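Single-letter residue listing:
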Amino acid sequence: MQSSLGNAVLAGKVAFIAGGSSGINLGVAEGFAAAGAKLALISRSPEKIEAAARALRDKGYDAVGTAADVRDYAAVEAALAATATRWGPIDIVLSGAAGNFIAPAAALSANGFKTVIDIDLLGTFNVFRASFDHIAKPGASLIAITAGQAVQPMAGQIHACAAKAGVNMVTQCLAMEWGPHGVRVNAISPGPIADTEGMRRLMPGGEAEAAYIATIPLGHYGEKRDIAELAIFLSTESARYISGAIIPCDGASILTGGSQSNFRFT
Ligand code: HXC
Ligand code: NAP
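Residues numbered from 1 in each chain as written. Chains lettered and ligands numbered in written order. Predicted model: local features only at pLDDT ≥ 70, side-chain atom pairs only at ≥ 80, totals over all residues. Heavy atoms only, no water.

### Remarks on the overall build of the chain
Counting its regular elements, the chain contains 8 helices and 7 strands. Against the compact-globule benchmark of 18 Å for 266 residues, the chain has a radius of gyration of 18 Å, which places it among compact chains. Overall size of the chain, expressed as C-alpha extent along the three principal axes, is 50 × 40 × 40 Å. Buried positions account for 52% of the 266 residues belonging to the chain. Across the chain, the fraction of contacts at a sequence separation of at least 24, relative to all contacts at a separation of at least 6, is 76%. When the accessible surface of the chain is split by element, carbon and sulfur atoms take 57% of a total near 11400 Å². Between the centroid of the 20 positive side chains of the chain and the centroid of its 22 negative side chains there is a distance of 2 Å. (Helix = DSSP H or I, 4+ residues; strand = E, 2+ residues; numbered from the N terminus. Rg over C-alpha atoms; globule rule 2.2 N^0.38 Å. Buried < 20%, exposed > 50% of the residue type's maximum accessible area, 1.4 Å probe, protein only. Contact = heavy atoms within 4.5 Å. Areas by Shrake-Rupley, 256 points an atom, 1.4 Å probe, with all protein chains shown as cover. Lys, Arg positive; Asp, Glu negative; His and termini not counted. Charge placed at Lys NZ, Arg CZ, Asp CG, Glu CD.)

### Quick word on the pairing of strand E3 (residues 63-67)
Across 5 bridges, the pairing between strand E2 (residues 38-43) and E3 is parallel. Following the sheet pairing, Ile 42 is matched in E3 by Thr 66. The β-α-β motif built from E2, the intervening helix H2 (residues 46-58) and the parallel element E3 has right-handed crossover chirality. (Pairing = 2+ DSSP bridges. Right-handed = clockwise from strand over helix to strand, strands pointing away.)

### Structural notes on helix H3 (residues 73-87)
An α-helical turn contains 3.6 residues, so any two residues separated by three or four positions project in the same direction. With 15 residues, H3 should reach 21 Å at 1.5 Å per residue; the first-to-last C-alpha distance of 21 Å fits that figure. Lining the buried residues of H3 we find strand E1 (14-18), E2 and helix H4 (110-131). One or two steps after H3, the chain reaches Gly 88, where phi turns positive at roughly 100 degrees. (Expected span 1.5 Å × (residues − 1).)

### Things to note about the site of ligand 1
Near ligand 1 lie 19 residues; those nearest to it are Arg 44, Asn 100, Ser 109, Asn 111 and Arg 201. Contact between ligand 1 and Asn 111: an oxygen atom at 2.9 Å from a side-chain N or O atom of the residue. Arg 201 is positioned with one of its side-chain polar atoms (N or O) 2.7 Å from an oxygen atom of ligand 1. When the free accessible area of ligand 1 is taken as 1100 Å², the share hidden by the protein chains comes to 62%. Those elements giving two or more residues to the shell around ligand 1 turn out to be H4 and helix H6 (197-202). The dominant element in the shell around ligand 1, judged by the number of residues it contributes, is H6, at 5 residues. Residue composition of the shell around ligand 1, by class: 6 nonpolar, 9 polar and 4 charged. (Near = heavy atom within 4 Å. Polar contact = N/O pair within 3.5 Å; in protein donor to acceptor, adjacent residues only side chain to side chain. Nonpolar A, V, L, I, M, F, W, Y, C, P; charged D, E, K, R; others polar.)

### Quick word on the site of ligand 2
Taken together, 30 residues surround ligand 2, and among them Ser 21, Ser 22, Ser 43, Arg 44 and Thr 196 come closest. Contact between ligand 2 and Gly 96: an oxygen atom at 2.8 Å from a main-chain N or O atom of the residue. In this structure, Gly 191 approaches ligand 2 through a main-chain N or O atom, which is 3.4 Å from an oxygen atom. Against a free-state accessible area of 890 Å², the protein chains account for coverage of 91% of ligand 2. Mapping ligand 2 onto the cavity grids shows that it belongs to the largest pocket. Of all elements in the fold, only helix H1 (23-34) and H6 reach the threshold of two or more residues within the shell around ligand 2. Grouping the amino acids of the shell around ligand 2 by side-chain chemistry returns 12 nonpolar, 12 polar and 6 charged. (1 Å grid on protein atoms, 1.4 Å probe; cavity = no way out; pocket = protein on both sides within 12 Å on 5 of 7 lines; lining within 4 Å. Sits in = over half its atoms within 2 Å of the grid points.)

As far as function goes, none of this settles anything; it's purely spatial.
Right under this line is the structure:
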């Protein structure tokens, strides 16, 4: 992916991406690499993360993949430490691992709720907290991937709404606490992004999907490169005074009801 910001805007930077084996986060990883960054990727599946890293290396990028579950603080910390040992202080940390499914609250078990909280919210705390001793201070850019669910209640999404609302607060609390260290902490809130697992799980398809697309002010789904462009910008000097921001990249879809809020799963 060629960034509209230029080829080498992240030359020499080291980026750590949690949840980087697929989808939006892998698209961001590729954008970072095309802009010149070295990449360390983690996700749960050893096969998926190694395949993603290998595919990036095959394109000529510096990329290593390590299996680590964001719910396992020690595993996350070890992956971050190994990255800093390999390449030096980490300039960019992206926390994007997530789990989601549609489940009406009355049919959701306590463990189902906890599982999504643990991956999305605890996972984001773990990734950022464990990064603190390994990031460039000053200068690091930390980016959480949140969702419209953080601010828009949605039926069938109580677990994701609660988790992503927490992700927004983790982002903003850390922006306050780590700003004095010269660390910027922001979140990107993607709208509906085409060809992703999230959309496969949440979008019913057919006429309902066409009706939903008609509500998006820009009239279409986003692409992974749209999120990558914003993440690249947030990691450059051009964004040096941006911290604590929750930035939608959603074609204004949140303004007309937010993602799938018109659907009822109860
Ligand atoms: C109700 C469910 C469920 C479902 C799982 N559970 N799927 N409950 N409906 N469809 C419950 C289980 O019954 C169990 O509770 C508990 O959740 C844990 O299930 P496990 O399968 O053991 O969890 P785990 O192996 O940790 O897998 C996590 C997962 C899985 C979230 C359940 O789907 C996963 O790995 N997802 C990763 C990929 C993903 O979701 N990508 C989309 C992200 S997109 P009990 O009580 O039975 O023990 C996103 C959307 C943003 O975040 C917005 C898009 C527009
Ligand atoms: P995806 O392809 O399923 O991406 C999720 C990633 O997280 C995968 O790489 C997965 O790899 C990893 N992961 C899951 N659980 C993990 C765990 N416990 N520890 C470590 N890694 C884990 O889904 P996506 O749709 O692209 O979503 C990516 C991000 O964008 C998520 O944060 C999601 O909430 C957000 N988002 C998506 C949309 C959308 O339109 N799709 C909209 C708004 C927000 P493994 O299976 O190998 O672990």
